[in-house]
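Examining the three-dimensional arrangement
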Amino acid sequence: MRVNVTVNGEAREADDVWEGESLLYVLRERLGLPGSKNACEQGECGSCTVYLDDVPVCSCLVAAGQVEGHSVRTVEGLADGDKLDPVQQSFVDNGAVQCGFCTPGLVVAAHDLLNRVAQPSDEEIREALAGNLCRCTGYEKILDAVRAAAVLKGGAVNGGVA
C-alpha cells in the first residue's frame, strides 16, 4: 500500500508499505528520518515518541496506514532549519544527552509539556516525562534541561532552579 502523510510540514509518500508496518518503521526506514528510536516496540519506553496531528504518540504502536492524510512531526521537525528548538538546545547545553537513545522521545515529551505549560513545576515535568525511560542519566540532567528550556522559551519554572 502507499501512505501519504505530511511529515515535518512536507508532503511525503511511502510505497510498498505492509499494512501492519509501524509508523516508526516508515519514518526510519522508508522516509530516512532516524531520529525516533526503536527500543522496546511496545510503547513502554517513549524513545519513538512523535507528534501525530499535534498529539504525542509512540510511533511503534501506530500502524502506518493510520497516518494516511494526517500530519506527523518528528524530533527532526522541531528545529527551524539549522537552529535547534529551545528544548533541543537545552538538552545539549545541560548535558542531558548521553547515549542518545531516549533523547528524541524525551525532547518531544518536554516540547509538548512546554507548549501546554509555560512554567511547569518539577512535579509537572516529572509527570510529563513519566512515559520515557532513560538508562544512562539518572534524570537529573534531563530535569535541568527542561527547566532551562522553559526559561529559554520565555517562561520560568515553579519549584525548580533554572
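Scroll up for the structure.
What you see is a predicted model, and the numbers here were worked out from it, not measured in a lab.

Once that is clear, we can look at the sheet that holds strand S4 (residues 55-58). Here we have five strands laid out as an open sheet, ordered S2-S1-S5-S3-S4, and mixed in their pairing. Each edge of the open sheet is held by one strand with a lone partner, namely strand S2 (10-14) and S4. Adjacent strand axes in the sheet meet at a mean angle of 40° when their direction is disregarded. On the sheet, helix H3 (residues 103-116) packs against strand S3 (49-52), S4 and strand S5 (71-73) and is oriented at approximately 45° with respect to S3.

On to a nonpolar patch on the surface. A cluster of nonpolar side chains, contributed by Leu84, Val92 and Val97, occupies part of the molecular surface with about 220 Å² of accessible area. Its place among the elements puts Val92 in helix H2 (residues 86-93).

Right, let's talk about the side chain of Thr103 for a bit. Note on placement: Thr103 falls in helix H3. Those residues in contact with Thr103 that sit more than four places away from it in its chain are Phe91, Ala96 and Val97.

Two side chains that carry opposite charge are able to pair once their charged atoms sit near each other. Using the criterion set out here, one finds seven salt bridges in the structure. Of the charged contacts, one joins Arg30 and Glu21 as a salt bridge, the two residues approaching to 2.5 Å between their closest N and O atoms. Across the pair Asp112 and Arg116 runs a salt bridge, and its minimum N-O distance is 3.1 Å. Residue Asp112 and its partner Arg116 are both found in helix H3; the two are separated by four residues, about one turn of the helix. For Asp112, a relative accessible area of 13% puts it in the buried group.

Of all hydrophobic cores here, the largest spans 23 residues; its most connected members are Val87, Phe91, Leu129, Ile142 and Val146. Going through the elements one at a time, H2, H3 and helix H5 (140-152) are the ones with two or more residues in this core. No other element matches H3, which puts seven residues into this core. The residues touching Phe91, leaving out its near neighbours within four places in the chain, are Ala96, Val97, Thr103, Leu106, Val107, Ala110, Ile142, Ala145 and Val146. With 16 residues, the next largest nonpolar core counts Ala14, Val26, Leu27 and Val62 among its residues.

Procedures and definitions
Residues numbered from 1 in each chain as written. Predicted model: local features only at pLDDT ≥ 70, side-chain atom pairs only at ≥ 80, totals over all residues. Heavy atoms only, no water. Pairing = 2+ DSSP bridges. Helix = DSSP H or I, 4+ residues; strand = E, 2+ residues; numbered from the N terminus. Axes fitted to C-alpha atoms, helices over the stretch in contact; angles between N-to-C directions. Contact = heavy atoms within 4.5 Å. Patch = residues over 30% accessible without salt bridge, like charges linked within 9 Å, V, L, I, M, F, W, Y side chains within 5 Å. Areas by Shrake-Rupley, 256 points an atom, 1.4 Å probe, with all protein chains shown as cover. Salt bridge = Lys/Arg side-chain N within 4 Å of Asp/Glu carboxyl O. Buried < 20%, exposed > 50% of the residue type's maximum accessible area, 1.4 Å probe, protein only. Core = buried A, V, L, I, M, F, W, Y, C linked by side-chain atoms within 4.5 Å.

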